[in-house]
Amino acid sequence: MVQLSAVESANITLVQLRPLVAVFVGATSGIGEYTLLALARAHGENGKGLRVYLVGRNATSAKSIIAECQRLCPSGDFRFVQVDTLTLLRDTDECCKRITKMETADPFGGGEPRIDILCMSQGFVRFGAAEITPEGLEVSMSLLYYSRMRFILKLLPLLLISPLPSHILSIFGAGLEKGPGAHLHPTDLSLTKNPAAHYGFLNLRVHVVHMTTIFFEHLAQQNPGRLSLVHVYPGLVFTPAIKNPSYPWWFKTAVFLLGPIAKRTIAIKPEEIGKRVLFLATPRFPARQGAEIGSKQTGGGEVAVAMGSDGVKGGGAYSVNWDGETNDIERSYVKLREQGFERQVWEHTMKVFEVVGSGKRFEA
Ligand SMILES: NC(=O)c1ccc[n+]([C@@H]2O[C@H](COP(=O)([O-])OP(=O)(O)OC[C@H]3O[C@@H](n4cnc5c(N)ncnc54)[C@H](OP(=O)(O)O)[C@@H]3O)[C@@H](O)[C@H]2O)c1
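The following refers to the structure shown.

Conventions and cut-offs
Residues numbered from 1 in each chain as written. Predicted model: local features only at pLDDT ≥ 70, side-chain atom pairs only at ≥ 80, totals over all residues. Heavy atoms only, no water. Helix = DSSP H or I, 4+ residues; strand = E, 2+ residues; numbered from the N terminus. Buried < 20%, exposed > 50% of the residue type's maximum accessible area, 1.4 Å probe, protein only. Areas by Shrake-Rupley, 256 points an atom, 1.4 Å probe, with all protein chains shown as cover. Lys, Arg positive; Asp, Glu negative; His and termini not counted. Charge placed at Lys NZ, Arg CZ, Asp CG, Glu CD. Near = heavy atom within 4 Å. Polar contact = N/O pair within 3.5 Å; in protein donor to acceptor, adjacent residues only side chain to side chain. Axes fitted to C-alpha atoms, helices over the stretch in contact; angles between N-to-C directions. Parallel < 35°, antiparallel > 145°, perpendicular 65-115°, else oblique. Contact = heavy atoms within 4.5 Å. Nonpolar A, V, L, I, M, F, W, Y, C, P; charged D, E, K, R; others polar. Phe/Tyr/Trp six-rings, centres within 6.5 Å; stacked < 30°, edge-to-face > 60°. Lys NZ or Arg CZ within 6 Å of the ring centre and 35° of its normal. Pairing = 2+ DSSP bridges. Core = buried A, V, L, I, M, F, W, Y, C linked by side-chain atoms within 4.5 Å.

1. Side note on the overall build of the chain
Reasoning step 1: A tally of helices and strands in the chain yields 12 helices and 7 strands.
Reasoning step 2: Expressed as lengths along the three principal axes of its C-alpha atoms, the size of the chain is roughly 55 × 45 × 40 Å.
Reasoning step 3: When each of the 364 residues of the chain is scored for burial, the buried share is 56%.
Reasoning step 4: Working note: accessible area of the chain is about 15,400 Å², and carbon and sulfur atoms make up 56% of it.
Reasoning step 5: For the chain, the centre of its 39 positive side-chain charges and the centre of its 33 negative side-chain charges are spaced 3 Å apart.

2. Description of the site of the ligand
Reasoning step 1: Close contacts around the ligand come from 27 residues, with T28, S29, I31, V237 and T239 the closest.
Reasoning step 2: Between G30 and the ligand, the recorded distance is 3.4 Å, taken from a backbone N or O atom to an oxygen atom.
Reasoning step 3: For the ligand, an oxygen atom lies 3.1 Å from a polar atom in the backbone of G123.
Reasoning step 4: Alone, the ligand offers 890 Å² of accessible surface; in the complex the protein occludes 86% of this.

3. Quick word on the packing of helix α2 (residues 30-43) against helix α9 (residues 270-279)
Reasoning step 1: Between α2 and α9, the least distance of the axes is 7 Å, while the angle of their chain directions is 75°. Between α2 and α9, the interaxial angle falls into the category roughly perpendicular. Contacts from I31, Y34, T35, A38, L39, R41 and A42 of α2 reach α9 at P270, E271, I273, G274, K275, V277 and L278.
Reasoning step 2: Residue composition of the contact of α2 with α9, by class: 9 nonpolar, 2 polar and 3 charged.

4. Comments concerning the packing of aromatic side chains
Reasoning step 1: All told, the structure shown has 12 aromatic pairs when counted by the stated rule.
Reasoning step 2: Between the aromatic rings of Y247 and F251, the centroid separation amounts to 4.6 Å while the plane-to-plane angle is 65°, which identifies the pairing as edge-to-face.
Reasoning step 3: Residue class for Y247 comes out buried when judged on its relative accessible area of 10%.
Reasoning step 4: On the accessibility criterion, F251 (22% relative accessible area) is partly exposed.
Reasoning step 5: Pairwise contacts between aromatic rings join F127, F201, Y247, W250 and F251 into one cluster.
Reasoning step 6: Between R150 and the ring centre of F353, over which it is positioned, the NZ or CZ distance is 4.9 Å.

5. Description of the packing of helix α5 (residues 139-161) against helix α12 (residues 341-357)
Reasoning step 1: Where α5 meets α12, the axes come as close as 11 Å, and the angle between the chain directions of the two elements is 85°. Classified by the interaxial angle, the pair formed by α5 and α12 is roughly perpendicular. Judged by residue contacts, Y145, Y146, M149, R150 and L153 of α5 engage V345, H348, T349, M350, V352, F353 and G357 from α12.
Reasoning step 2: Here the residues of the contact of α5 with α12 sort into 8 nonpolar, 3 polar and 1 charged.

6. Brief notes about the sheet that holds strand β2 (residues 50-56)
Reasoning step 1: Taken in spatial order, the 7 strands make up an open sheet running β3-β2-β1-β4-β5-β6-β7, and their pairing is parallel. Each edge of the open sheet carries a strand with a single partner, namely β3 (77-82) and β7 (317-320). Neighbour to neighbour, the strand axes of the sheet diverge by 15° on average, direction disregarded.
Reasoning step 2: As judged from the 6 bridges shared by strand β5 (residues 166-171) and strand β6 (residues 227-232), these two strands associate in the parallel manner. Considered in β6, the bridge of L169 is made with V230.
Reasoning step 3: Here helix α3 (residues 59-72) sits on the sheet and contacts β2 and β3; the angle it forms with β3, its principal contact strand, is near 170°.
Reasoning step 4: Running over the sheet, helix α7 (residues 201-222) touches β5, β6 and β7 and is turned about 170° from β6.

7. Focus on the pairing of strand β4 (residues 117-120)
Reasoning step 1: By the alternation rule, side chains of β4 split into I117 and C119 and L118 and M120, which are all buried.
Reasoning step 2: Taken together, the 4 bridges between strand β1 (residues 20-25) and β4 define a ladder with parallel strand orientation. Within β4, the residue paired with V25 across the bridge is M120.
Reasoning step 3: Sheet topology places β4 next to β5; 4 bridges connect them, and they run parallel. Among the inter-strand pairings, I117 is bridged to a residue of β5, identified as H167.

8. Quick word on the nonpolar core
Reasoning step 1: By size, the foremost hydrophobic cluster in this structure holds 60 residues, and its most contacted members are V55, I99, L118, Y146, F151, I152 and I168.
Reasoning step 2: Sorting elements by how many residues they give to this core places α5 first, with 13 residues.
Reasoning step 3: Discounting residues that sit within four places of it in the chain, I168 has contacts with L118, M120, I152, L159, F216, L227, S228, L229 and V230.
Reasoning step 4: Counting 47 residues, the second largest nonpolar core, distinct from the first, contains L72, F78, I171 and V232.

9. Examining the pairing of β7
Reasoning step 1: Judged by which residues are buried, β7 turns out to be covered on both faces: A317 and S319 on one side and Y318 and V320 on the other are all buried.
Reasoning step 2: Pairing between β6 and β7: 4 bridges, direction parallel. Counterpart to H231 in the pairing with β7 is S319.

The analysis is restricted to geometry; functional conclusions fall outside its scope.
So, in structure tokens, the structure goes:
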């Protein structure tokens with residue numbers, strides 16, 4: 001486990017290194033919100049400058065989170081970008097256009113328009129039957145995978161302008177490649193070809209986790225020295241998600257009976273998980289071929305450079321547990337890689353984006 005004190009000192013270095021422009025998607029609640037607050041708190045009055053675009057549906061919640069950020073970081077520039085729903089790629093595209101327009105019209109600090117950190121936590125795990133959007137995608141898959149990959153691609157021009165490598169963080173289930181009775185269906189990656197047989201919350205998780213690992217590795221390889229991409233499993237954190245009405249009775253009963261004990265024992269506290277997620281944007285997780293720069297930036301190599309999900313140290317794409325340690329997942333991918341899974345995931349995702357981007361409905 002990376003010690004919390006090391007996390008905190010790396011976070012302070014992060015905000016003192018350069019002015020930061022960050023985009024938070026899904027931070028109107030829960031872990032995204034805690035991470036945003038950790039960033040505002042770390043910056044405080046001593047950081048080099050901070051602008052945040054907070055993307056979300058809930059204006060009331062955004063307003064109160066921004067007020068708290070402003071209190072913690074009076075010099076910060078916090079902007080709310082409201083969306084209808086990110087289950088639709090159409091709305092994701094529209095949101096990226098607006099962010100690009102705002103940042104281009106008024107670049108932070110007067111330099112080039114850019115984004116240094118993109119942190120995504122939108123979505124939830126849907127229990128029960130699959131729900132398909134008008135664009136032909138399953139609702140949870142859309143929030144947890146497609147909208148997140150779409151945000152990266154649409155904001156890539158600004159992410160690549162960042163003077164140092166930019167950091168992309170996705171909060172969900174890194175390392176959970178397996179589950180009791182769960183199956184990966186490489187010929188039905190979207191889980192919409194045969195949702196009745198293929199969709200279930202464990203299969204959903206297994207698909208999102210595998211596809212994110214592969215998509216992140218591809219982007220890291222395509223953009224050496226420019227992008228660091230981390231997906232993380234945050235552990236158990238008591239957030240408003242615990243009360244999601246789609247959860248089945250047995251889950252709600254378990255939360256009711258065991259929740260109070262779990263909250264005091266195994267759950268990770270909001271403030272701690274916020275700091276730990278922010279830490280994923282520090283040089284322990286460098287862009288590919290950026291290991292040397294990375295270890296220097298930690299201030300004397302205090303925290304070692306992490307192992308990439310493809311087994312390359314400082315590989316640029318990382319699967320990380322809540323405690324800052326990387327997950328040992330290589331074995332889960334050996335056979336899949338031999339079978340051309342990397343190409344399958346990339347081509348499938350591009351196909352979805354091409355079809356939906358042209359205004360048509362995706363048919364698996
Ligand atoms: N909490 C845990 O213990 C835990 C454990 C493992 C994994 N995770 C994963 O971590 C991520 C964050 O979890 P969390 O506990 O922080 O959840 P949360 O508190 O429910 O936050 C989820 C965020 O996603 C947004 N969102 C949901 N549906 C949306 C939609 N259709 N369009 C746009 N935004 C939407 C929510 O916006 P609104 O405010 O508008 O609802 C909220 O900002 C999720 O992917 C979750 O599955 C959580």
